[in-house]
Amino acid sequence: MPTRSKAKVLTHPAVARRARAKERGGPVRGAAVPRDSGGADSMRRWLDERGAKKVKVGAVDIDGVWRGKYISVDKFLSAAKSGLGFCDVVFGWDLSDELLDNTQVTGWHTGYPDAHATVDLSTGRMIPWEPDTAAFLLDFVNPDGTPFEASPRQLLQKVAARAREQGYLPRFGAEYEFFIFKEQPHTLREKGFQELTPLTPGMFGYSWLRTSLNAPLVHALIDGCNGFGLDIEGFHTETGPGVFEAAIRYDDVERSADKAALFKTVVKELCARQGLSACFMAKVNAKLPGCSGHVHQSLWDPKGERNLFHEEGAPHGMSRLMRHYIGGQIALMPELTALYWPTINSYKRSVENTWAPTTAAWGLENRTCAVRVIGESAKAMRIEYRQLGADMNAYIGMAVSLAAGLWGIENEIEPPPACNANAYASHEAAPLPRNLKDAVTLLKQSERARELLGEGFVDHFVRTREWEVRQYERAVTNWELERYLELI
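Before going into details, it helps to say that this report is about the structure given with it. Note that this is a predicted model, so its numbers are computed, not measured. (Residues numbered from 1 in each chain as written. Predicted model: local features only at pLDDT ≥ 70, side-chain atom pairs only at ≥ 80, totals over all residues. Heavy atoms only, no water.)

### Things to note about the side chain of Thr-237
1) Next: Tracing the backbone shows Thr-237 in strand E7 (residues 232-237).
2) Next: By relative accessible area, which is 3% here, Thr-237 ends up buried.
3) Next: One polar contact links the side chain of Thr-237 to the main-chain carbonyl oxygen of Phe-204, over a distance of 2.7 Å.
4) Next: Among residues more than four places away in sequence, those in contact with Thr-237 are Phe-204, Gly-205, Tyr-206, Ser-207, Arg-210, Thr-211, Val-243 and Phe-244. (Helix = DSSP H or I, 4+ residues; strand = E, 2+ residues; numbered from the N terminus. Buried < 20%, exposed > 50% of the residue type's maximum accessible area, 1.4 Å probe, protein only. Polar contact = N/O pair within 3.5 Å; in protein donor to acceptor, adjacent residues only side chain to side chain. Contact = heavy atoms within 4.5 Å.)

Here's what the structure looks like:
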């Protein structure tokens, strides 16, 4: 779907929020706990000041789904100091909690023990719609304290650390398209997920009217996200019944991924409070455009003062570093596609002339390409990675696209010529895999994926996607019943 150019602003909104809160003498809802929080006494004071009576802790699984639980304040203070146990089955089952039969990291062969999880104290925030509840994110670690390789959040941390070691500060920003239906979990199932009622009728992108008619919901989403520290930069209707798009303000890549991952669950939670369901599937209806999860990307100097993608006087303002970053992404895109498009449904979005890419192409302000270069000024110069859909795991999507770009810089990979026409009709650009099975085969064979992301992560991810393919291949779909049951 089309998206407008968004120039990045360099002042982080948390700074202004803290200043305003200090003037009012009140708490900062979205502010995170400083890493040097001063121990248990300081943490308890932080919770007391905000009226926290319980704490919600959680982590993202391989599918990008939040797995978490409520714990008492006392339990949290203990966990903040020494960590806590969290059943590692969250890495051993699928979206439906069906146990995988092919994993190595956990399973019946290990007895599904508790993994050790540590609390990232810098992620602390209050949940505005649960006023007495704080929320913190977890990281999984091995018994020796090293990061748990199957964890998506730690994959991103590893790749981001590599970027910083090379002298680059990665700044990313996500934007999501999603459907909202006048349905609840039980009505979705009663209807067999068919003939669902969208929040609004018809095709009405960028509608001033539709957002105003649904102002209570729209404002609840924007205000809820902002209060939770997710910093919504733009919100509007997209083309499709009940379709909206939200742009989350850019940040350093680790915080940007946290915001993006949290955004999806926040939207679902707030919609549910109004009897609605939000859907981030890549393709809900064959007759409608799919839902994107575009990610804007740029590399800056370590102090965040200079955009390294920009070079004054260079063609289109693109630096050599930016060209090589794009070159790496284009070169590795087909073999990394399974990581970007992780579900069976992901590939239904990749259809010609529907705003989603089908080839590994890049272009200047060209929305038919997988990589779109935006802006020519030092402030705005960036890429929009358009291959990613709304069903992405934000940690994986950001980590992998960053790793591919860094690989391009390290190996000075020049990109092919920019596509100045319709990339769907390009015969020069490499085609992207057309289904998850083919994409997983390419990933499984990719030595560069293992080099960039680690053998442990790639092996686990491949096994989970092979399981997903097998479940699909065994399924009897409505399409098959309608086509064959009576007539064959």
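### Remarks on the nonpolar core
1) Next: Judged by nonpolar contacts, the single largest core of 104 residues is most densely connected at Tyr-176, Phe-178, Phe-263 and Leu-453.
2) Next: Top element by residues in this core is helix H11 (residues 394-410). It accounts for 12 residues.
3) Next: Core analysis: the second largest hydrophobic core is formed by 30 residues, Phe-76, Phe-91, Ala-115 and Phe-148 among them. (Core = buried A, V, L, I, M, F, W, Y, C linked by side-chain atoms within 4.5 Å.)

### Quick word on the sheet that holds strand E1 (residues 54-60)
1) Next: Strand order in the open sheet made by the 5 strands is E2-E1-E5-E4-E3, with mixed pairing throughout. Either end of the sheet is taken by a strand with one partner, and the two such strands are strand E2 (66-72) and strand E3 (84-87). Strand-to-strand twist of the sheet, defined as the mean angle between neighbouring strand axes without regard to direction, takes the value 40°.
2) Next: As paired strands, E1 and E2 are joined by 7 bridges and run antiparallel to one another. Counterpart to Ala-59 in the pairing with E2 is Arg-67.
3) Next: Lying on the sheet, helix H2 (residues 40-49) is in contact with E1, strand E4 (114-126) and strand E5 (133-141); it crosses E5 at an angle near 140°.
4) Next: Sitting on the sheet, helix H3 (residues 73-82) is in contact with E1, E2, E3, E4 and E5, with an inclination near 115° to E2. (Pairing = 2+ DSSP bridges. Axes fitted to C-alpha atoms, helices over the stretch in contact; angles between N-to-C directions.)

Function cannot be read off these values alone, since they describe shape.
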